[in-house]
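A closer look at the structure
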Amino acid sequence: MIAAPTPLRVTICGLDELADHCALGVTHVLSILDPGWPEPEPLRDFELSRRLKLNFHDVIEAEPGWIAPERFDVELLLAFGRSLGEIADEAGAEPAATHLLVHCHAGVSRSTAAAILLLAQHEPARSAQNVVGQVIRARPRAWPNLRMIEMGDELLGRDGEIVASVRALYRLALDREPWLAEAMIDNGRGREVAAAEF
């Protein structure tokens, strides 16, 4: 009999919400910030073993002056996700004790992509549609970083299932707020808008 995965509670937020969330029983933090951005004050109290800090811009293509997420960044966040269960097991923690806070600057793109990948990894039998739905309920304005999603989907061996579910999310967002298409294209995210059309 295969044991059910230890429950993983995931909270997603932006910088302006950090202090409030850190005060609510968070045990681990995944912090995704622009390169050179100082560490937020509320995170300094977390042990180094309970946090991961990644630094890259919220872009989906490598361009001069911008640091895009790379495969090793996604490998690191997935390794951090796997370690959450190991830490809980070693500590003999109760299943509900792991509460991961994932944040970026706005809590919309990098953090939602990371949360989707971590949840999909934690429960591999769970459909990507269900995982993406959970993230949308938590962050209704979610627009996950497609570059991160594509790399994570491949690393997790999901054969495009996560990418397809995120494309559906983009379609819903554009149906709700059509003006987003132009804004995303203007910010170099046209490939995500095009992905919504498939």
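See the structure shown above.
Let me begin by describing the structure that accompanies this report. Here the structure is a predicted model, which means the values were calculated and not measured.

Notes on the overall build of the chain
- What the chain contains, in helices and strands, is eight helices and four strands.
- Scaling as 2.2 N^0.38, a compact globule of 198 residues should have a C-alpha radius of gyration of about 16 Å, and the chain matches this with 16 Å.
- Along the first, second and third principal axes, the C-alpha set of the chain runs to 50 × 45 × 30 Å.
- Within the chain, the proportion of its 198 residues that are buried is 47%.
- Sequence-distant contacts in the chain: of pairs separated by 6 or more residues, those separated by 24 or more amount to 69%.
- Carbon and sulfur atoms make up 55% of the accessible area of the chain, which totals about 9,900 Å².
- Positive and negative charge centroids in the chain, built from 19 and 30 side chains respectively, lie 2 Å apart.

Notes on the nonpolar core
- Formed by 47 residues in total, the largest nonpolar core has its most connected members in L30 and L77.
- By residue number, the principal contributor to this core is helix α3 (residues 110-122), which donates eight residues.
- Residues contacting L30, with those up to four places away along its chain left out, are L52, L54, L77, F80, L100, L101, V102, H103, A114 and L118.
- With eight residues, the next largest nonpolar core counts L18, V26, V29 and L43 among its residues.

Considerations on α3
- The end-to-end C-alpha distance of α3 is 18 Å, a good match for the 18 Å that 13 residues give at a rise of 1.5 Å each.
- Of all 13 residues in α3, twelve are buried, a share of seventy percent or more.
- R110, S111, T112, A113, A114, A115, I116, L117, L118, L119, A120 and Q121 are the residues of α3 that are buried.

Thoughts on the packing of aromatic side chains
- One pass over the full model with this rule turns up one aromatic pair.
- Judged by centre distance (4.4 Å) and plane angle (25°), the ring pair of W143 and Y170 falls under stacked. Pair noted here: W143 is in the loop between α4 (128-138) and α5 (146-155) and Y170 is in helix α6 (residues 161-176), with a separation of 27 residues, a long-range link.
- A residue is classified by how much of its surface remains accessible, and W143, at 3% relative accessible area, is buried.
- For Y170, a relative accessible area of 0% puts it in the buried group.

What to know about the pattern of salt bridges
- According to the stated counting rule, one finds 16 salt bridges in the structure shown.
- When the shortest N-O distance is used, the salt bridge between R71 and E154 registers 3.6 Å. Placement of R71 in helix α2 (residues 71-91) and of E154 in helix α5 is noted, with a sequence separation of 83 residues between them.
- A relative accessible area of 36% places R71 in the partly exposed class.
- Among the salt bridges present, the one from E150 reaches R191, with a minimum N-O distance of 2.7 Å. Linking E150 in helix α5 with R191 in helix α8 (residues 190-195), this pair joins segments that are 41 residues apart in sequence.
- With relative accessibility at 33%, the residue R191 sits in the partly exposed group.
- Each of E39, E41, R44 and R51 takes part in salt bridges that share partners, so that together they form one network.

About the cut-offs
All chains use their own residue numbering, which begins from 1 and follows the written sequence. Where local features are concerned, this predicted model is filtered to residues with pLDDT of at least 70; where side-chain atom pairs are given and counted, the filter is 80 or more; whole-chain, interface and lining totals use all residues. Calculated side-chain values reflect all of the structure's heavy atoms, with hydrogen atoms and water omitted. Numbering of helices and strands runs from the N terminus, with a helix taken as a DSSP run of H or I at least four residues long and a strand as a DSSP run of E at least two residues long. Atoms counted for the radius of gyration: C-alpha only. Globule rule: 2.2 Å times residue count to the power 0.38. In this scheme, a residue with accessible area under 20% of its type's maximum is buried, one over 50% is exposed, and one in between is partly exposed, where area comes from a 1.4 Å probe on protein chains only. Contacts are assigned to residue pairs with any non-hydrogen atoms lying within 4.5 Å of each other. All accessibility values rest on the Shrake-Rupley procedure with a 1.4 Å probe; residue burial counts only the protein chains present in the view. Counting rule for charge: Lys and Arg are taken as positive, Asp and Glu as negative, and neither His nor the chain ends is counted. Here the site of a charge means atom NZ of a Lys, CZ of an Arg, CG of an Asp or CD of a Glu. Nine residue types can take part in a nonpolar core, namely buried Ala, Val, Leu, Ile, Met, Phe, Trp, Tyr and Cys, and a core is a set of them joined through side-chain atoms within 4.5 Å. Residue count minus one, scaled by 1.5 Å, sets the expected span of a helix. Note on ring pairs: Phe, Tyr and Trp rings are taken, using the six-membered ring of Trp, and paired if centres are within 6.5 Å. Classes follow the plane angle, with under 30 degrees stacked, over 60 edge-to-face and the rest tilted. Should a side-chain nitrogen of Lys or Arg be within 4 Å of a carboxyl oxygen of Asp or Glu, the pair is scored as a salt bridge.

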